[in-house]
Amino acid sequence: MTDSTLGESIPAPAADAPVDRDDLLDRAQPYRRELLAHCYRMMGSVHDAEDLVQDTYLRAWRAADRFEGRSSLRTWLYRIATNACLTAIESRGRRPMPSGIGAPSDDPERPVVEAPEVPWLEPVPDAMFRGEQPSDPAAVVVSRSSMRLALVAALQHLPPRQRAVLLLREVLKWRAAEVAELLDTSTASVNSALQRARAQLQQAAVSEDELSEPTDPAQRDLLDRYAKAFENSDVTEIVQLFKEDAVWEMPPFPEWFRGRDAIARLIGAQCPIGPGEGLMVPTAANGQPAFALYSKHEGGDYKPFQLQVLTVEEGRVAHVGAFFGDDLFRTFGLPESLPVDGARH
């Protein structure tokens, strides 16, 4: 696993002057997006991450008189946020994808059954992290590679403190001694935890070379064909766009499927959207291409069906995370319905 998997290096910030409660929130505001990304990578949930960032700012405000300027304000905020996440994980547990809790299903025709009791991993909209210039530290730590769905899912299988060590050392480029101080442990323990975390994530590592740019013509053509195939309910065309060993999983259903043939049988048998009854609206999640799939209802309008996050490798779709839930559409700022008149891809 290389450093490029999780993002680029950021120079260590210099110490800041002490702050008081009156100006703390103004000075801390520029770090909100990157703190949100950090909490999301730790928790695997947009809503949990938003809550924990709010909690971080509240804790910082209450403790403003204890910030003496021996480190940067940014570092201090990360200390608070990381500890808040570690506490939250103790009570909330990890958020897996279906492929992280069992073997693939061998019967795509068998009806799938929801498992609402499982706190599933949630995708995060790219729009939450737009707006910074590429040179900004916030933009670096919210790099596309560090937000990949496979990586965030793999992080969920690490023990919480290993998860924190990996992110602080690999993404934020903290020194081992700084991480040891935050976690109240030794530098040797931090280095050991980092080695174990790297080994466990080796299979999930996503190198920068595997990331296609959103403007790449070949990828745009693939995505256009993919969207049209779904709107036409053309299973034959859909499957041609998948890699042979592609994976399809769809929280909150625990069943998942490996191989283009299994995916074809699943879509053919269980997708209730017929030709002309679906609408694919492009979006972006976790630094990856995504589509909001709407289905036509009796009243004529299109209603939310699922949000598909795609992993594209070697010109084919290698993985689809198809997430269900109307609240997810709201998180992504997507319409709760689309009229037939004027609705367009």
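Residues numbered from 1 in each chain as written. Predicted model: local features only at pLDDT ≥ 70, side-chain atom pairs only at ≥ 80, totals over all residues. Heavy atoms only, no water.

Some points on a nonpolar patch on the surface
- On the surface, L25, L58 and W61 cluster together into a nonpolar patch covering about 270 Å² of accessible area.
- With respect to the helices and strands, L58 occurs in helix α3 (residues 46-62). (Patch = residues over 30% accessible without salt bridge, like charges linked within 9 Å, V, L, I, M, F, W, Y side chains within 5 Å. Areas by Shrake-Rupley, 256 points an atom, 1.4 Å probe, with all protein chains shown as cover. Salt bridge = Lys/Arg side-chain N within 4 Å of Asp/Glu carboxyl O. Helix = DSSP H or I, 4+ residues; strand = E, 2+ residues; numbered from the N terminus.)

Thoughts on the environment of T311
- With respect to the secondary-structure elements, T311 resides in strand β5 (residues 302-313).
- Judged by relative accessible area, T311 falls into the buried class, the value being 12%.
- Beyond its immediate stretch of four places on either side in the chain, T311 contacts R148, Q288, R316, V317, A318 and H319.
- In terms of polar contacts, T311 uses its side chain to reach the side chain of Q288, at 3.0 Å. (Buried < 20%, exposed > 50% of the residue type's maximum accessible area, 1.4 Å probe, protein only. Contact = heavy atoms within 4.5 Å. Polar contact = N/O pair within 3.5 Å; in protein donor to acceptor, adjacent residues only side chain to side chain.)

Focus: the sheet that holds strand β6 (residues 316-323)
- A sheet is described by the order of its strands in space; here six strands give the open sequence β2-β1-β6-β5-β4-β3, paired in mixed fashion. Of all the strands in the sheet, just β2 (253-258) and β3 (278-285) have a single pairing partner and so form its edges. Strand-to-strand twist of the sheet, defined as the mean angle between neighbouring strand axes without regard to direction, takes the value 20 degrees.
- Taken together, the seven bridges between strand β4 (residues 288-296) and β5 define a ladder with antiparallel strand orientation. Looking across to β5, one finds that A292 is bridged to L307. (Pairing = 2+ DSSP bridges. Axes fitted to C-alpha atoms, helices over the stretch in contact; angles between N-to-C directions.)

Section: the packing of aromatic side chains
- Within this structure, the stated rule accounts for eight aromatic pairs.
- Measuring from ring centre to ring centre gives 5.3 Å for F253 and F324, while their planes differ by 85 degrees; the resulting arrangement is edge-to-face. In this pair, F253 sits in strand β2 while F324 sits in the loop between β6 and α13 (326-331), placing the two residues 71 residues apart along the sequence.
- The buried category is assigned to F253, whose relative accessible area is 13%.
- For the ring pair Y294 and F329, a centre distance of 5.2 Å and an interplane angle of 85 degrees mean the geometry is edge-to-face. With Y294 in strand β4 and F329 in helix α13, this residue pair connects regions lying 35 residues apart in the sequence. Both residues of the pair, Y294 and F329, count as buried.
- Members of the aromatic cluster, joined through ring pairs, are Y226, F230, F242, W248 and F291.
- In this structure, R32 packs its charged tip against the face of Y57, placed 4.3 Å from the ring centre. (Phe/Tyr/Trp six-rings, centres within 6.5 Å; stacked < 30°, edge-to-face > 60°. Lys NZ or Arg CZ within 6 Å of the ring centre and 35° of its normal.)

Some remarks on the pattern of salt bridges
- Within this structure, the stated rule accounts for 16 salt bridges.
- With a shortest N-O distance of 3.1 Å, R225 and E237 are connected by a salt bridge. Of this pair, R225 sits in helix α10 (residues 217-231) while E237 sits in helix α11 (residues 235-240), placing them 12 residues apart in sequence.
- Judged by relative accessible area, which is 24%, E237 ranks as partly exposed.
- Across the pair E314 and K243 runs a salt bridge whose closest N-O atoms are separated by 3.6 Å. In this pair, E314 is assigned in the loop between β5 and β6 and K243 in strand β1 (residues 242-250), connecting sequence segments 71 residues apart.
- Given the relative accessible area of 74%, E314 is considered exposed.
- Since its relative accessible area comes to 18%, K243 is described here as buried.
- Each of D48, R92, R95 and E122 takes part in salt bridges that share partners, so that together they form one network.

Digging into the side chain of S146
- As for its position among the elements, S146 is in the loop between α5 (137-141) and α6 (149-155).
- Take S146: its relative accessible area is 0%, and that puts it in the buried class.
- A distance of 2.9 Å separates a polar atom in the side chain of S146 from a polar atom in the side chain of R41.

Things to note about the pairing of β3
- In terms of burial, β3 is a largely internal element, six of the eight residues being buried.
- Across eight bridges, β3 lies against β4 in antiparallel orientation. Paired with M280 across the two strands is L293, which belongs to β4.
- Hairpin connection of β3 to β4: two residues between the antiparallel strands, including N286 at a positive phi of 55 degrees.

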